[in-house]
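Below, each chain spelled out in residue letters.
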Amino acid sequence: MKRSQQIFFIFIIYLLFIPGSLSENESINLSVLEYEMHLTPDLSVSDLQYPQTVKTGEDVTGSIIVSNNGPVSATNIVSDFILKKETDQGDEIIWLGSKSTELMPPGQRGKIPFGFSIPKGLTEGEYHLEVSIQAYEQEIFNQNNRIQTSTPIKIIQGEKWKWGHLNLQIAIDSIDTNMTSPGSPLRISYSIINQNKDTAGSFQTAFILLPDMNLSSGGYRIREERVFSVLSYMNEKGSSVDLIPEYVPPGVYYLISVVDYTGMIQETDEADNIFIYSDPVTITYPDDIYSDSYADSISGYLYLKTNKYREYLGLRPLEFDDDLRKIAFDHSLDMIERSYFSHYTPEGIDPAGRAQLAGYDINRKMDDGSIRTGIAENIIRIASGHTIGKAYTGFVDPTTPEEIADVMMIEWINSPEHNKNLINPTIEKVGIGAKFDGEFFYATQNFF
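These numbers come from a predicted model, not from an experiment.

Draft legend 1. Here's a closer look at helix α2 (residues 292–312). Between its terminal C-alpha atoms α2 stretches 30 Å, which fits the 30 Å expected from 21 residues at 1.5 Å a residue. Here α2 lies mainly inside the structure; 16 of its 21 residues are buried. Where α2 terminates, the next one or two residues include Gly 314, which has phi positive at roughly 80°.

Right, here's the structure in full:
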């Protein structure tokens, strides 16, 4: 067998644990990893309040609850509001508008009111209101970033529009490439059309990358622009060159153009304000698996997946502790640099001792007045490529940090002593550090 084949088939997960759990005046250790951690927000939207009936020309008003369940702040947050009506040709999408805020700290939860005008030219019928939210930062979990009304809103005719009627359309004529990467330019050629003779004031356009053709699936804005004049029977050609945002993850996307998506102008037909470019755009770039940011991503996934696992079991989520993260990272790095894999350093220093050397107070007063001392620890290392472990055997894609974190979590959850740390109800804080040494991915979790 060739050496390359041997390397491919013989990679094995090394997993180590120390029995027991945190107890009074006792240190406990459990599992290994390293490196600086990439933490993300975890936004969610819930409790959508809305009216049952609204007249055209009047405002649809209500509120939503927005929460940031992640360990770090979310910035440049945008919430989009759309109406969806089922037709024989598919969903009719009406963009009502957006609300934005600059910052949402971790753990914050707030009630956000909204109000958007229903276009007077809108056809009567039943529409669902859908709200989606997105931050500047790429989120690891985004399943709760969208909510839709449980029952439709009935739109009925109100006061008729007395002024001119526009019929705006937008079309993407071409793009200069179908394969690009974050930070690279994308040139878009497009047309803005008014099919009616009436004129009006300003409107807005937007270009968005969506992971599929589901217009309500969220996405990444690459351009927004306000245009200050609509001419009679206008057919204006335009072009733009914009950089693909650095936070767009690799994947296949569809480029969507929207005109008048804020609903500022009443139109004879609001259903043709969205255009989907038929040729998908592939976003790709080579990940440097040795880089800090790549290790950050593994650590970030481990943190959020640990809390998702605890929440699933009805346990409170763990607070991210930056001091514990530094201790965990230093241990992972030390294991790599000095070629060992253990909760104990070559000098015999355990997790509690390493924490004390770093100036971390390992004593905590419990509700019953007792003093609990110690640091719990999980450590692991898995090989890139084909790997054999106690709970998982198969291929681990070294270019996918979430897959690496998934395998680590599978191993920890299926190891009784590691799992005991993950689900310990008395633990309040965690720090995680990860790193790649060229052959193995290391990870360390320190609990307190």
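What follows continues from the structure just given.
Draft legend 2. Main features of the nonpolar core. Of all hydrophobic cores here, the largest spans 32 residues; its most connected members are Ile 298, Leu 302, Ile 382, Ile 404, Met 408 and Phe 441. Among the secondary structure elements, those contributing two or more residues to this core are α2, β23 (376–383), α5 (401–413), β26 (429–436) and β27 (440–447). Top contributing element to this core by residue count: α2, with 7 residues. For Phe 441, the residues in contact, after removing those within four places along its chain, are Ile 289, Tyr 294, Ile 298, Ile 380, Arg 381, Ile 382, Ser 384, Pro 398, Ile 404, Met 408, Lys 435 and Phe 436.

Draft legend 3. Representation of the environment of Tyr 442 within the structure. Within the fold, Tyr 442 resides in strand β27. With 101 residues separating them in the primary sequence, Tyr 442 and Phe 341 have C-alpha atoms 9.3 Å apart. Reaching out from Tyr 442, the side chain makes a polar contact with the side chain of Arg 381 at a distance of 2.9 Å.

Draft legend 4. Local environment of the sheet that holds strand β4 (residues 59–68). Pairing is antiparallel across the open sheet formed by 3 strands, whose spatial order is β2-β4-β7. The sheet terminates laterally at β2 (43–49) and β7 (109–117), the two strands that pair on one side only. Taking the axes of each pair of neighbouring strands and ignoring which way they run, one obtains an average angle of 30° across the sheet. Judged from the 9 bridges that link them, β4 and β7 form a sheet pairing that is antiparallel. In the strand pairing of β7, Ile 64 is matched with Ile 112.

Conventions we followed
- Residues numbered from 1 in each chain as written.
- Predicted model: local features only at pLDDT ≥ 70, side-chain atom pairs only at ≥ 80, totals over all residues.
- Heavy atoms only, no water.
- Helix = DSSP H or I, 4+ residues; strand = E, 2+ residues; numbered from the N terminus.
- Expected span 1.5 Å × (residues − 1).
- Buried < 20%, exposed > 50% of the residue type's maximum accessible area, 1.4 Å probe, protein only.
- Core = buried A, V, L, I, M, F, W, Y, C linked by side-chain atoms within 4.5 Å.
- Contact = heavy atoms within 4.5 Å.
- Polar contact = N/O pair within 3.5 Å; in protein donor to acceptor, adjacent residues only side chain to side chain.
- Pairing = 2+ DSSP bridges.
- Axes fitted to C-alpha atoms, helices over the stretch in contact; angles between N-to-C directions.

That's the geometry; what it means functionally is another story.
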